[in-house]
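# Residue-level structure breakdown
These are the residues of each chain, in order.
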Amino acid sequence: MSYLDATNDLYREAALTPDVGLCCTTNPIWQFPGLSIPKIMQEMNYGCGSTVSAQDLVNNPKVLYVGVGGGMELLQFSYFSRQKGGVTGVDVVDEMLEASKKNFKIAEEENDWFKSEYINLVKGDALNLPIADASIDVAAQNCLFNIFKAEDLKKAVAEMYRVLKPHGRLVMSDPTCEQPMNEALRNDDRLRALCLSGSIPIKDYIKVLTDAGFGTIEVRARKSYRVLSPNHYPTDELIFIESIEIAAIKDPMPKDGPCIFTGKTAIYYGDEEYFDDKNGHVLMQNQPLAVCDKTASALQESNSQIHISDSTWHYNGGGCC
């Protein structure tokens, strides 16, 4: 049995018998005005963060969500895309699709604005999405892609890139880990399915996205997630796992490489009213400007009177690239 079969079996069980602690997030459940999320959806919240951000969801976007879980994020997305078939949920597990379908009926009873027809549930594989090219404004997945081994991860990201419209956004939440893991952990199919042993370093995660062609990367959050301890797992050392929330935007790739925002800012404190690097970046006196990592490096080299902050790993838009 392959690791993907083991994953499908695990989530088949989770669809039939909700497992509150399976892949729980410490994030609050976003309760937008007029939105009621059924309790069963919250119990089946098998994510490690959130992929729902109002800044991505303007003008009735066409949304794709891969790995439907109990349907909570599909419901949240439909809050912003109130149109028939505005949100598509894809999952390879029949039982999870059926559970979400039932949960949407409960959501209809709790939300007078919501209709199940806003969401189109489709059986499909993340490695071969049944979605047309360039047809999606916002694609999302939560705590799924970290399960994939390297080559499958590349395929899954390439599929998301394919279905997105130009300037469309891939919004993801996944566990990451900066420490090396031993082969016993890496080859444990159940631990991989549980979103633990497939975690990779953030720089490797971002490289998969930029290698696929995404020209802009936004790191929006980085939070504590789990520890793998020697008394519970096959490891000789304590391994710390974080969750990351990230957006990859299908912008053209700049000639000098991708723009990666990790929460750095630039502040000019020189003798002039402002600093203009003649390359599209104007820094007003003592005013912080959010900048991508490569711009931060270039500014630091160009003027000794510019303060560049460390990466905060939290970026909410704005600034310069």
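Residues numbered from 1 in each chain as written. Predicted model: local features only at pLDDT ≥ 70, side-chain atom pairs only at ≥ 80, totals over all residues. Heavy atoms only, no water.

### Some words on the pairing of strand β9 (residues 265-268)
Residues of β9 alternate between two faces, with Ala266 and Tyr268 buried on one and Thr265 and Ile267 left unburied on the opposite face. Examined bridge by bridge, β9 and strand β12 (residues 289-290) share two bridges and lie antiparallel to one another. Each bridged residue has a counterpart across the sheet, and for Ala266 the counterpart in β12 is Leu289. Relative to strand β13 (residues 306-308), β9 runs antiparallel, the two being bridged by three bridges. Bridge pairing in β13 links Ile267 to His307. (Buried < 20%, exposed > 50% of the residue type's maximum accessible area, 1.4 Å probe, protein only. Helix = DSSP H or I, 4+ residues; strand = E, 2+ residues; numbered from the N terminus. Pairing = 2+ DSSP bridges.)

### Some points on the sheet that holds strand β8 (residues 259-261)
What the eight strands build is an open sheet, ordered β3-β2-β1-β4-β5-β7-β6-β8; its pairing is mixed. In the strand order of this sheet, the two ends are held by β3 (119-123) and β8, each with one partner. If you compare each strand with its neighbour and ignore which way they point, the axes differ by 20 degrees on average. Sheet topology places strand β2 (residues 87-91) next to β3; five bridges connect them, and they run parallel. Residue Val87 lies in a different strand from β3, and its bridge partner there is Ile119. Contacts between helix α3 (residues 72-80) and the sheet are confined to β1 (63-66), β2, β3 and β4 (136-142), with β2 contributing the most and set at about 165 degrees to the helix. (Axes fitted to C-alpha atoms, helices over the stretch in contact; angles between N-to-C directions. Contact = heavy atoms within 4.5 Å.)

### Concerning the sheet that holds β12
Ordered in space as β12-β9-β13, the three strands form an open sheet in which the pairing is antiparallel. Each having just a single partner strand, β12 and β13 make up the two edges of the open sheet.

### Examining the packing of aromatic side chains
Under the criterion given, the structure shown has twelve aromatic pairs. Taking the centre distance of 5.1 Å and the plane angle of 80 degrees together, the rings of Phe32 and Phe80 count as edge-to-face. Taken together, the residues Phe32 in the loop between α1 (3-16) and α2 (39-43) and Phe80 in helix α3 connect sequence positions 48 residues apart. No difference in accessibility class separates Phe32 from Phe80, as the two residues are buried. Among the aromatic residues, those joined into a ring-pair cluster are Phe32, Tyr79, Phe80, Phe104, Trp113, Phe114 and Tyr118. Against the face of Tyr79 rests Arg82, its NZ or CZ located 4.8 Å from the ring centre. Across the ring face of Tyr161, the terminal group of Lys250 is positioned such that the distance to the ring centre comes to 4.5 Å. (Phe/Tyr/Trp six-rings, centres within 6.5 Å; stacked < 30°, edge-to-face > 60°. Lys NZ or Arg CZ within 6 Å of the ring centre and 35° of its normal.)

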